[in-house]
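Close look at the chain arrangement
So you can see what is in the structure, the chains are spelled out below.
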Amino acid sequence: MKMKIQTSFYELPTDSHASLRDSLLSHIQNLKDLSPVIVTQLALAIADLALQMASWKGCVQTLVEKYSNDVTSLPFLLEILTVLPEEVHSRSLRIGANRRTEIIEDLAYYSSTVISLLMTCVEKAGNDEKMLIKIFRCLGSWFNLGVLDSTFMANSKLLSLLFEVLVSTRLRGTLPARTKSLLRGDTWSPVEDLSDLCPLCVLFWVFFFTRVLNYCRVFTELCETFLDKIVCTPGQGLGDLRTLELLLICAGHPQYEVVEISFNFWYRLGEHLYKTDDAVIHSIFKAYIQRLLHALARHCQLDSDHEGVPEETDDFGEFRMRVSDLVKDLIFLVGSVECFAQLYATLKDGNPPWEVTEAVLFIMASIAKSVDQENNPTLVEVLEGVVRLPETVHTAVRYTSIELVGEMSEVVDRNPQFLDPVLGYLMKGLCDRRLASAAAKAIHNICSVCRDHMAQHFNGLLEIARSLDSFTLSPEAAVGLLKGTALVLARLPLEKIAECLSELCAVQVMALKKLLSQEPSNGLSSDPTVPLDRLAVIFR
């Protein structure tokens, strides 16, 4: 019936609309005690009918007057009032923009009637969790349509009830999840004191993981709603910085998925503060960002029983990449020099497990390029320590340390005495199939920044280029190595460039000749794009 109304309502004669409506209402009332799925489908059919039946004026008022006094009818009445706003923008309905506008205006007019009904339902529901879930779902549906008056809602007892449910430990299951989408936007405007949220912090660790995610979403929505106030008037009124404390509690949860929910807020906070460019304001937020960065470093730790290099394509690898981007965006608030030195101190002054070392090196690699190179002995000390790492350390530590060396190419350029040790360290990585691509990328970075110093090592680069296929490299890493070699080639004396360019290209030309001389296999010749791409990057 629902599909018929959605797709073929126009075929029904106008004088039959009222009888179809009455029949559907009769059916849902008679079947209200059966499967919830049936009730929902009938509610959708009634909602779709109301949206397309232009002659049914004030459908909300009609439904409320007819069923609100019957307690047994309230569940299906709430179901209809929940799906009705959700169906307004349904692509399945054949209604035009003017009709949608008319519907939205009609629903906005009767929105106060719905809120009054929900308050009545709350009084009748008592501690009935299922009924409260239906009430909150309905309220969320009307919020999402954007037809509720924000001032009216902010003073409504329904909003207070949402907080009471969040604090209550008696109501379990999915109920708190239903509140997260309601606590956002302009409905917060009259709230002057956030102290009522503090009891949540005490309860935070008690709840199941899914509930923790929902609380983090609530806290994140809270911070995003008050972002302008937090930046402009930190610590005052709606700019209360205890909202940041709530997010830092989330960051302290052992599951990385929790803190990831708040990333968008931290991005936006960094953007706002960067535009503000006020040293006094920045100093207020420094401690909060420091705590966040320490939490992120902890979340980036691999499992202690992890083997091999860090994965970059799984969910945790993508999370680490997002952490790297976030750290780069926020580091200006803490100071990259100070942060880099603090991270190094955690490695220098203690003997942390390998997974802690790897995570710290990962964060250091994220900020290395932003550290001021002038008179910074820490950078030199870090570089010297990294290239002396023994081959016996965990493979993941070697992998991340190679990435760090690649990010510190400017340090190498300013301290050419480290060029030979750095190249020796990277060559060891290049010969290890697990580390080869990371080492190739680091060599590319060194060649790009240290072109003049690398000119004396061109013959070594040429040998690498001749043996490129003997290393276990990704196509991108192989092309990057050749690109770095070509950049160094451009720094050679003019009389040597032609000869060296010919030698560099000869390897790829020979590969093409070999392909052309081969007989086609299974009707297909070998793919020449690899040597062609490599030639292209050399000339480019």
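Keep in mind it's a predicted model, so treat the numbers as computed, not measured.

1. Some points on the overall build of the chain
Helices and strands together make up the secondary structure of the chain, namely 31 helices and 0 strands. For the chain, whose C-alpha radius of gyration is 32 Å, the value lies well above the compact-globule estimate of 24 Å for 540 residues. Relative to its 540 residues, the chain shows a buried fraction of 49%. Taking the contacts inside the chain whose residues are at least 6 apart along the sequence as the reference set, 73% of them involve residues at least 24 apart. Counting every atom, the chain has about 26300 Å² of accessible surface; 52% of that belongs to carbon and sulfur. Taking the average place of the 50 positive charges on the side chains of the chain and the average place of its 67 negative ones, the gap between the two points comes to 3 Å.

2. Focus: a negative patch on the surface
On the surface, Glu311, Glu312, Asp314, Asp315 and Glu318 cluster together into a patch of negative charge. Looking at Glu312, the relative accessible area reads 39%, which means it is partly exposed.

3. Some thoughts on the packing of aromatic side chains
Tallied over the full model, the rule gives 9 aromatic pairs. Considering the side-chain rings of Tyr215 and Phe219, the 6.3 Å spacing of their centres and the 40 degrees angle between planes classify their relative orientation as tilted. Placement of the pair is Tyr215 and Phe219 together in helix α13 (residues 209-225), with a separation of 4 residues, close to one helical turn. The class of Phe219 is buried, set by a relative accessible area of 2%. Pairing Phe263 with Phe319 gives two aromatic rings, centres 5.8 Å apart and planes at 20 degrees, and the pair type is stacked. A residue pair is termed long-range when its members are at least 10 positions apart, and Phe263 in helix α17 (residues 263-276) and Phe319 in helix α19 (residues 315-334) qualify at 56 residues. For the pair shown, Phe263 and Phe319 are each scored as buried. Ring pairing ties together the aromatic residues Tyr256, Phe263, Phe316 and Phe319, which thus form one cluster. Taking NZ or CZ as reference, Arg320 lies 4.2 Å from the ring centre of Phe362, over its face.

4. Side note on the nonpolar core
It is characteristic of soluble globular proteins that their nonpolar side chains tend to be buried jointly. Of all hydrophobic cores here, the largest spans 182 residues; its most connected members are Val60, Ile135, Trp266, Met364 and Leu473. If sequence neighbours within four positions are ignored, Met364 has contacts with Phe340, Leu343, Tyr344, Leu347, Val382 and Leu404.

5. Notes on helix α3 (residues 36-52)
Look at α3: 24 Å from first C-alpha to last across 17 residues, which is about the 24 Å you get at 1.5 Å a residue. Among the 17 residues that make up α3, 12 are buried, leaving the element largely enclosed by the rest of the structure. Every buried residue belonging to α3 is among Val39, Leu42, Ala43, Leu44, Ala45, Ile46, Ala47, Asp48, Leu49, Ala50, Leu51 and Gln52, and all of these are buried.

6. Concerning the side chain of Thr113
The residue Thr113 is located in helix α7 (residues 111-125) in this model. In this structure, Thr113 is in contact with Gln61 and Val64, ignoring residues within four places of it in sequence.

7. With respect to the environment of Lys157
Note that Lys157 resides in helix α10 (residues 157-167). Between the C-alpha atom of Lys157 and that of Ile115, which follows or precedes it by 42 residues, the distance is 10.0 Å.

8. Looking at the environment of Asp452
If you trace the backbone, Asp452 turns up in helix α27 (residues 451-454). Relative accessible area serves as the criterion here: at 56%, Asp452 is assigned to the exposed category. Sequence separation between Asp452 and Met510 is 58 residues, and the spatial gap between their C-alpha atoms is 29 Å. Among the polar contacts made by the side chain of Asp452, one reaches the side chain of Arg491 at a distance of 2.9 Å.

Conventions adopted
- Residues numbered from 1 in each chain as written.
- Predicted model: local features only at pLDDT ≥ 70, side-chain atom pairs only at ≥ 80, totals over all residues.
- Heavy atoms only, no water.
- Helix = DSSP H or I, 4+ residues; strand = E, 2+ residues; numbered from the N terminus.
- Rg over C-alpha atoms; globule rule 2.2 N^0.38 Å.
- Buried < 20%, exposed > 50% of the residue type's maximum accessible area, 1.4 Å probe, protein only.
- Contact = heavy atoms within 4.5 Å.
- Areas by Shrake-Rupley, 256 points an atom, 1.4 Å probe, with all protein chains shown as cover.
- Lys, Arg positive; Asp, Glu negative; His and termini not counted.
- Charge placed at Lys NZ, Arg CZ, Asp CG, Glu CD.
- Patch = residues over 30% accessible without salt bridge, like charges linked within 9 Å, V, L, I, M, F, W, Y side chains within 5 Å.
- Salt bridge = Lys/Arg side-chain N within 4 Å of Asp/Glu carboxyl O.
- Phe/Tyr/Trp six-rings, centres within 6.5 Å; stacked < 30°, edge-to-face > 60°.
- Lys NZ or Arg CZ within 6 Å of the ring centre and 35° of its normal.
- Core = buried A, V, L, I, M, F, W, Y, C linked by side-chain atoms within 4.5 Å.
- Expected span 1.5 Å × (residues − 1).
- Polar contact = N/O pair within 3.5 Å; in protein donor to acceptor, adjacent residues only side chain to side chain.

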